[in-house]
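Letter by letter, the chains look like this.
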Amino acid sequence: LGSSAMSAWGILLPTLVVVRGAPPSPRTCSTCHPPVHSWDTIPVSFHSAATATGPQGLWSESDMEIIKKFPLVTIEKWQGSSATDPTTNKPVFLWEEDAWLAAAKQIKTASPNTSVIVWMDTLLIYTGWNVDPANKTVNTTLNPDANAECATGHFRPAEYLEREGRSLLLRNSTGDLALTSFGHCHTYDHSQAAARQFWTDKCLDMTDSGVIDGCGADFSAMGWNEWSMCTPSNIAADMGLDLKTATAWAAGHRQMMKDTQDALGAGLLMAKDPAELGDHANGVLQEAGCYRRNFTVNNLRNLTARRRAGGVDASKWVYQCHGYDTSDATLAAFLVGAGDGDYFTVGGWYNGAQGHWDDDFARPLGPPLADAVYDHVTGNWTREFASGTKATFTPHVSASGRDMGGTGMVEWGNRPF
């Protein structure tokens, strides 16, 4: 960081200094480590942020009592976004990167073996944020087209890219800066090696701290969260590009994620669709991936089959199966299908640790005795675990094959294992 500059709101902000010249030597993360998966209890993970924090972006004591129980924590991009000074109750400007670091240090202090991931974005350059949470008007100083969906967090790279680094931004078929359909944000021109390196470096800037073990790759599968939809024609339509530009951007976007995953070493690059595992990501957080439905069971079982067929690298894949609730039916669907490397995840994404823990998560479980068995007569999936626990899930599928949810139960055992 160099000298300070005055922001559009009259707040003194640090200015980034870019060192020009020869490209840097390849960087890697030597301290990153993945989570340690265990069947001792239900394998669970945490994904959220605390928006309303003090001036450093720290978790509350009550949040930390819950968060320290998880082997894997992914911190969303809203940590400290509504930070206030407790003595004046006035808003505090807080860079998201600083909030992430402060929150990650808290976690590592309480639970050194927890793997901590910060939730970056591969597509959206968020610049619509404002200093005063009470002021709901989107700031358009850096991007006049930004809307409320482009108003997340206060990011140093975004400030730099919009002020000094516009050569790294993508342009559309008219030569104007391209806009994403979600948020009307500007985006990285991943067809450029310099833009790809910039993104990777920003991730490694986080892991260099020694308390962060990888980066989220939000919008890795664009707004569809479905890798098969990320075709050049769809991307061109989404951002107003010609097909040639969209093709180059798609290839560069994928290459950037491959390069970042390589640079992270044993750490994680967390994408959004299981189809991305093994290509350019070694971790995935799937929104609504865990629910009481047959899709959950089959999706998890397919992942296990892919891991077994894929060798050592595939065996290390991490999958966060985000669920709506902790009902017996949802837990049963997860337990019936889950394999090594799968984590049940529940709760909102900006309210701290509220709604992220259930006492069932602490019950003794033990490794599964075998893969789940489906009984075509009863229509039940069943699976047993070393503790004597038995999970049963009954999917409801319509005559046309539509997944209609299901019912389930978990019968807890207490056998030593």
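It should be emphasised that the depicted structure is a prediction, and the values quoted were computed from it without experimental measurement.

Peer 1: Please clarify how the pairing of strand E10 (residues 214–218) should be interpreted in this entry.
Peer 2: In regular strands, side chains alternate between the two faces of the sheet. For E10, a buried count of 5 out of 5 residues is recorded, marking the element as mostly surrounded by other parts of the structure. Where strand E7 (residues 115–121) lies against E10, 5 bridges are found, and the strand directions are parallel. For Ile117, the partnering residue across the bridge sits in E10 and is Gly214. The pairing of E10 with strand E11 (residues 268–271) spans 3 bridges and is parallel. Each residue of the ladder has a partner; that of Gly214, found in E11, is Leu268.

Peer 1: Sorry if this is basic, but what is going on with the sheet that holds strand E3 (residues 46–48) here?
Peer 2: One key point about sheets: their strands pair by backbone hydrogen bonds, in either a parallel or an antiparallel sense. With parallel pairing, 8 strands are arranged side by side in an open sheet as E3-E4-E7-E10-E11-E12-E13-E14. What marks the edges here is a single partner per strand, and that holds for E3 and strand E14 (342–346). In this sheet, neighbouring strand axes are inclined to one another by 25° on average, regardless of whether the strands run parallel or antiparallel. Pairing analysis gives 4 bridges linking strand E4 (residues 72–75) to E7, with the strands arranged parallel. Bridging from a neighbouring strand, Thr74 pairs with Ile117 of E7. Sitting on the sheet, helix H4 (residues 193–207) touches E7, E10 and E11, and the angle it makes with E7 is about 150°. Across the sheet, helix H7 (residues 294–315) is in contact with strand E12 (283–290), strand E13 (318–323) and E14; its angle to E13 comes to roughly 175°.

Peer 1: Looking at this structure, how should I read helix H3 (residues 156–163)?
Peer 2: One turn of the α-helix equals 3.6 residues, which is why residues spaced by three or four share an orientation. Within H3, 7 of the 8 residues are buried, which leaves the element mostly enclosed by the surrounding structure. Taken together, the buried positions of H3 are occupied by Arg156, Pro157, Ala158, Glu159, Tyr160, Leu161 and Glu162.

Peer 1: Hey, could you run me through the state of the cysteines in this one?
Peer 2: The bond known as a disulfide is covalent and runs between the sulfur atoms of two cysteines. Going through the model one piece at a time under the given rule, you end up with 4 disulfides. Paired by a disulfide, Cys150 and Cys185 hold their sulfur atoms 2.2 Å apart. Taking the sign of the torsion about the S-S bond as the criterion, the disulfide between Cys150 and Cys185, at about 140°, is right-handed. Highlighted residues: Cys150 in the loop between strand E8 (124–125) and H3 and Cys185 in the loop between H3 and strand E9 (186–187), separated in sequence by 35 residues. Disulfide pairing is shown between Cys203 and Cys215; the S-S distance is 2.1 Å.

Peer 1: Got a minute to help me understand the sheet that holds strand E17 (residues 390–397) in this structure?
Peer 2: Strand order in this open sheet of 4 strands is E15-E16-E17-E18, and the pairing throughout is antiparallel. Looking at the sheet topology across the chains shown, the edges are occupied by strand E15 (373–375) and strand E18 (403–411). Across the sheet, the mean angle separating the axes of adjacent strands is 20° when strand polarity is ignored. Strands strand E16 (380–384), E17 and E18 of the sheet are contacted by H7, whose axis makes an angle of about 50° with E16. Its contacts with the sheet place helix H8 (residues 328–337) against E16, E17 and E18, and it is angled at close to 85° to E18.

Peer 1: Teacher, can you tell me more about the nonpolar core here?
Peer 2: Soluble globular proteins: nonpolar side chains tend toward being buried together. If you look at the biggest cluster of nonpolar residues, it comprises 93 residues, and the most contacted ones within it are Trp59 and Phe334. In this structure Trp59 touches Phe46, Ser48, Ala49, Ala50, Met64, Ile67, Ile75, Gln79, Ala103, Gln106, Ile107 and Gly352, once residues within four positions along its chain are discounted.

Peer 1: Whenever I open this one, the pattern of salt bridges confuses me. Can you help?
Peer 2: Applying the stated criterion across every chain yields a total of 19 salt bridges. Across the salt bridge formed by Lys77 and Glu76, the nearest N and O atoms sit 3.4 Å from each other. Assessed through its relative accessible area of 3%, Lys77 is described here as buried. Judged by relative accessible area, which is 2%, Glu76 ranks as buried. Its salt-bridge partner being Asp360, residue Arg363 comes within 2.7 Å of it at the nearest N-O pair. Residue classification places Arg363 among the partly exposed positions, given a relative accessible area of 35%. A residue is classified by how much of its surface remains accessible, and Asp360, at 14% relative accessible area, is buried. Each of Arg27, Asp201, Lys202, Asp205 and Asp208 takes part in a single network of salt bridges with overlapping partners.

Peer 1: Explanation requested: helix H5 (residues 232–239) in the structure shown.
Peer 2: All of the buried residues along H5 are Ile235, Ala236 and Met239. Taken end-on, H5 shows its buried residues confined to a sector of 100°, consistent with a single buried face. The inward-facing, buried residues of H5 contact E9 and helix H6 (243–263). With its phi angle positive at about 70°, Gly240 sits one or two positions after the end of H5.

Conventions and cut-offs
- Residues numbered from 1 in each chain as written.
- Predicted model: local features only at pLDDT ≥ 70, side-chain atom pairs only at ≥ 80, totals over all residues.
- Heavy atoms only, no water.
- Buried < 20%, exposed > 50% of the residue type's maximum accessible area, 1.4 Å probe, protein only.
- Helix = DSSP H or I, 4+ residues; strand = E, 2+ residues; numbered from the N terminus.
- Pairing = 2+ DSSP bridges.
- Axes fitted to C-alpha atoms, helices over the stretch in contact; angles between N-to-C directions.
- Contact = heavy atoms within 4.5 Å.
- Disulfide = S-S within 2.5 Å.
- Core = buried A, V, L, I, M, F, W, Y, C linked by side-chain atoms within 4.5 Å.
- Salt bridge = Lys/Arg side-chain N within 4 Å of Asp/Glu carboxyl O.
- Arc of directions from axis to C-beta.

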